[in-house]
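Now for the letters of each chain:
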Amino acid sequence: MRYTFLGPTGTFTESALLTVPSAVVGERFPSNSVPAALNAVREGVADAAMVPIENSMEGGVTATLDSIALDNNLRIIQEVLVPITFVLVALPGTEIKDIKRISTHSHAWAQVRLWAEQRVPRAEYVPGQSTAGAAMGLLEDEKPGYDAAICAPAVAQAHPELVVLEENIEDNKQAVTRFVLVAKDPDIPAPTGADKTTLVVPLPEDRPGALLELLQQFSTSGVNLSRIESRPTGEFLGSYFFSIDADGHIYDARMRTALRGLHRVSPGIQFLGSYPRADFRKAEIDSIHSEDAFDSARDWVESLFPGGRPEQLRHHKHW
Ligand SMILES: O=C(O)C(=O)C[C@]1(C(=O)O)C=C[C@@H](O)C=C1
């Protein structure tokens, strides 16, 4: 198997990938952006890509949410949670009081905002493609355009030429980033009882109640949502889709029922995968939404049509 990830070596995304045993023994190569990693999978250059999808401070990673939703070919097969801690690095001789410009990934910068206001209030932020990329720029670029970088401690450990000026600089010590492993037309991972399903649902019509109608499909089927975010489709101002994580697997009757309802309400719905939850938390299911309840409801309705399936009978001229 060939895996790609948001690189270069030393990103949090790479550490997420290294928790996947088959990736540790397989081939791995860095991509320089999330869309590039996902395109490598679309084009068959990689079998799977690890990309960040959700950050406990910043919410959804828009580059990933937008890029996965571009077509119907990519599916999430696994999620990984990585605790996040950052260090401030620079070349030897740099002092924190002299730092004028700092580079890192925009999500990392968002996670050290309070620290930056206190410790480097005059420093300007220079956006980087990744945390490790920003740190490597200090070593590899003749004129990187910044004098310090924020990255994972592992990058500093691997490069003793970098000096750690400050560590544990994240504003929230419980910060966690969620990553997903994405493949092209994969088999759906088997249900575990603690699963998640990711969906993209366009808001069907611009009218009162449209969003409520969409949410009702989850509610009446007994499906809990763990994330819902609206993103612009880019088609015209005010056109949005919802990126949704729902508790449960597509093999669960309640999830299938919700998906049928959602497809009626929003035919452009996309299924982005059902996969095991990284925290193993099982969905709480009340008795009216159990598999048995859905099975016996279906059997009961079908028993009312002893002459054949209702779909066939409807086309009969006596109907
Ligand atoms: O730049 C990296 O090291 C990444 O893996 C990206 C990323 C992100 O997109 O959120 C991952 C984890 C951290 O939250 C900061 C940056």
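Model, not experiment: these values are computed from the prediction.

Caption draft 1: Examining the site of the ligand more closely. Contacts to the ligand come from 14 residues, most closely from F12, T13, Q111, T131 and T177. One of the side-chain nitrogen or oxygen atoms of Q111 is found 2.8 Å away from an oxygen atom of the ligand. Surface burial for the ligand is 100%, taken as the share of its 360 Å² of free accessible area covered by protein chains. Elements with a minimum of two residues in the shell around the ligand: α1 (12-17), β3 (48-55) and β11 (176-184). For the shell around the ligand, a count of residues per class yields five nonpolar, nine polar and no charged. Both of domain 1 (1-83 + 177-186) and domain 2 (87-167) provide at least three residues apiece to the shell around the ligand.

Caption draft 2: Structural context of the sheet that holds strand β13 (residues 225-232). Taken in spatial order, the four strands of this open sheet run β13-β14-β12-β15, and their pairing is antiparallel. Bordering the open sheet on either side are β13 and β15 (270-276), each of which pairs with just one other strand. Taken pair by pair, the neighbouring strands of this sheet meet at an average axis angle of 15°, ignoring direction. Relative to β15, strand β12 (residues 195-202) is paired through six bridges, and the arrangement is antiparallel. Its bridge partner being in β15, K196 is matched across the sheet by Y275. With respect to the sheet, helix α9 (residues 210-221) is in contact with β12, β13 and β14 (240-247), its orientation differing from that of β14 by roughly 15°.

Caption draft 3: Summary view of the UniProt feature "domain: Prephenate dehydratase" (unreviewed entry) in the protein. According to UniProt, the "domain: Prephenate dehydratase" (unreviewed entry) feature falls on residues 2-184. The span residues 2-184 carries 30% helix and 34% strand; its end-to-end C-alpha distance comes to 12 Å.

Caption draft 4: Looking closely at the nonpolar core. Ranked by internal contacts, the top residues of the largest apolar core, which has 46 residues, are M50, V89, I102 and I150. Here this core spans two domains, and each of domain 1 (1-83 + 177-186) and domain 2 (87-167) adds at least three residues to it. When near neighbours in sequence (up to four residues on either side) are disregarded, I150 contacts F86, V87, L88, I102, S103, T104, W109, V112, W115, T131 and I169. Core analysis: the next-biggest nonpolar cluster, separate from the first, contains 21 residues, L38, V41, I68 and A69 among them.

Caption draft 5: Inspection of the sheet that holds strand β8 (residues 124-128) at higher detail. On the basis of which strands lie adjacent, the open sheet formed by five strands has the order β8-β7-β9-β6-β10 and mixed pairing. On the outer flanks of this sheet lie β8 and β10 (163-167), each paired with one strand and no other. The average angle at which neighbouring strand axes cross in this sheet is 30°, direction not considered. Alignment of strand β7 (residues 101-105) against β8, held across five bridges, turns out to be parallel. Looking at β8, one finds that R101 is bridged to E124. Across the sheet, helix α7 (residues 131-140) lies against β6 (87-90), β7 and β9 (148-151), angled at about 150° from β9, the strand it touches most.

Caption draft 6: How the structure looks around the UniProt feature "site: Essential for prephenate dehydratase activity" (unreviewed entry) in the protein. In the numbering used here, UniProt assigns the feature "site: Essential for prephenate dehydratase activity" (unreviewed entry) to T177. In this fold, T177 is placed in strand β11. Among all residues touching T177, those that are not within four sequence positions of it are P52, E54, N55, V80, L81, V82 and I84. Polar contacts involving the side chain of T177 include one to the side chain of N55, which spans 3.1 Å.

Caption draft 7: Structural view of the packing of aromatic side chains. Inspection of the entire model under this criterion finds two aromatic pairs. Geometrically, the ring pair formed by W109 and Y125 is stacked, given 4.8 Å between the ring centres and 5° between the ring planes. Residue W109 is located in helix α5 (residues 106-110), and its partner Y125 is located in strand β8; the two are separated by 16 residues in the primary sequence. A relative accessible area of 14% means that W109 is categorised as buried.

Conventions used here
Residues numbered from 1 in each chain as written. Predicted model: local features only at pLDDT ≥ 70, side-chain atom pairs only at ≥ 80, totals over all residues. Heavy atoms only, no water. Near = heavy atom within 4 Å. Polar contact = N/O pair within 3.5 Å; in protein donor to acceptor, adjacent residues only side chain to side chain. Areas by Shrake-Rupley, 256 points an atom, 1.4 Å probe, with all protein chains shown as cover. Helix = DSSP H or I, 4+ residues; strand = E, 2+ residues; numbered from the N terminus. Nonpolar A, V, L, I, M, F, W, Y, C, P; charged D, E, K, R; others polar. Domains from an automatic or database assignment. Pairing = 2+ DSSP bridges. Axes fitted to C-alpha atoms, helices over the stretch in contact; angles between N-to-C directions. Contact = heavy atoms within 4.5 Å. UniProt positions renumbered as here; feature names shortened; annotations may be inferred. Core = buried A, V, L, I, M, F, W, Y, C linked by side-chain atoms within 4.5 Å. Buried < 20%, exposed > 50% of the residue type's maximum accessible area, 1.4 Å probe, protein only. Phe/Tyr/Trp six-rings, centres within 6.5 Å; stacked < 30°, edge-to-face > 60°.

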